[in-house]
Amino acid sequence: MNMIVKVAARQLVAEDVCAFDLVSADGSRLPSFTAGSHIDVHLPGGPVRQYSICNDPTETHRYSIGVLKAPGSRGGSVGMHRLKEGTTLTISLPRNHFQLSRDAKHSVLVAGGIGITPLLSMAESLARAGDSFELHYCARSSAKLAFMERMKASSFVSRVILHLDDGDAAQRFDAASVLSVANGPATHVYVCGPGGFIDYVLAAARAAGYGEELLHREYFASAIEDTHAEDRPFQIRIASSGEVLQVGTEETALSVLAKHGVDIPTSCEQGVCGTCLTRVLEGRPLHRDMFLTDEEHAANDQFTPCCSRSCSPLLVLDL
Ligand code: FES
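Residue positions are given per chain, counting from 1 as you read along its sequence in written order. Where local features are concerned, this predicted model is filtered to residues with pLDDT of at least 70; where side-chain atom pairs are given and counted, the filter is 80 or more; whole-chain, interface and lining totals use all residues. Only hydrogens and water are removed before side-chain values are computed, so all heavy atoms of the structure are retained for them.

### Concerning the sheet that holds strand β13 (residues 244-247)
Part 1: Pairs of strands are assigned from DSSP output, requiring at least two bridges between the strands. Runs of H or I in DSSP of at least four residues are treated as helices and runs of E of at least two as strands, each being numbered from the N terminus. Read from one edge to the other, the open sheet built from five strands follows the order β13-β12-β18-β14-β16, with strand pairing classed as mixed. Strands at the two margins of the open sheet, each flanked by one partner only, are β13 and β16 (302-303).

In structure tokens form, the structure reads like this:
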């Protein structure tokens, strides 16, 4: 279900990062959300982008989001930065694929760049509940640190540890040592940021002995925006009918299937949400999503037709 909201406020909160407060267009309360939730934002002109809600989940009058202007953006983040106060937008209801665990005894929140947004909401939630946590915020430089005023004024400021790439070596983020020190019974790790950063933190956590059930991650959409290069055509066969369809360089498997009357549920259309996940019976997908784990990618028995393609000339889909 979608709803109409209005941009009530916009503010530059770091270099290339704009924060927006979205309120209900008719002045009513917004549906509640939990820490780690995101919304789909339908931008004027068509693109749909997902953004984490970063304010305190007890607030019902606004959804705050932070948007990094991605270099070379094809319209998503640049379109967002152009929005003026008073603009109305269609958004989805909040959804949460990045929930806080109820049985955590301690939580280690790790943000890379704009990945701070869902973790801010988590920090508010954990601080309010009196739960034990620490928030590590990594950025290239102090100019890139978003929401600092808010964090300085928060009740959890003493739990925030900053790590700057251009700072001295002693304060740089060393995932192995942070996660070894924090490791204890039911310590959960939450990480959000660019793909490489997430992989680095998860690898360090596994090496430090954390089990998979303690690891939580959220890739942000801008990490995969505008990265498609050298797309080759391939064919898909619909197993139930035997029909073979051609996917051209400028098309997605999803759009070709839709053109031929095969409707697959979608949401983000960027490989983030997993809504379009489709079983693969034969062939080797070229995975471009941020939803499946490395193990799931390696199994090659499912793919996200909204963004993923094929390494083999033909993919047979369980449709
Ligand atoms: Fe979200 Fe495909 S629609 S991953």
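### So, unusual backbone geometry
Part 1: Of note, the phi angle at phenylalanine 147 is positive, near 65 degrees, even though the residue is not glycine.
Part 2: Relative to the helices and strands, phenylalanine 147 is located in the loop between β8 (133-139) and α3 (148-152).
Part 3: Residue classification places phenylalanine 147 among the buried positions, given a relative accessible area of 8%.
Part 4: In this model, asparagine 300 sits at a positive phi of 55 degrees, which is unusual for a non-glycine residue.
Part 5: If you trace the backbone, asparagine 300 turns up in the loop between α7 (294-299) and β16. Only protein chains enter the accessibility calculation, which uses a 1.4 Å probe; a residue is then buried when its area is under 20% of its type maximum, exposed when over 50%, and partly exposed in between.

### Examining the nonpolar core
Part 1: In terms of nonpolar packing, the biggest core is built from 30 residues, with Leu109, Leu119, Leu135, Phe147 and Met151 touching the most fellow members.
Part 2: Of all the secondary structure elements, the ones that give two or more residues to this core are β1 (2-14), β2 (17-24), β7 (106-112), α2 (116-129), β8, α3, β9 (160-164) and β10 (187-193).
Part 3: Element by element, the count of residues in this core is highest for α2, at six residues.
Part 4: Contact criterion: two residues are considered in contact whenever any of their non-hydrogen atoms come within 4.5 Å of each other. Excluding residues within four positions of it along the chain, methionine 151 makes contact with Ile116, Leu120, Leu135, Tyr137, Ala146, Phe156, Val157 and Val160. Here, the term nonpolar core denotes a set of buried Ala, Val, Leu, Ile, Met, Phe, Trp, Tyr and Cys residues that are joined through side-chain atoms within 4.5 Å.

Read these as geometric descriptors, not functional statements.
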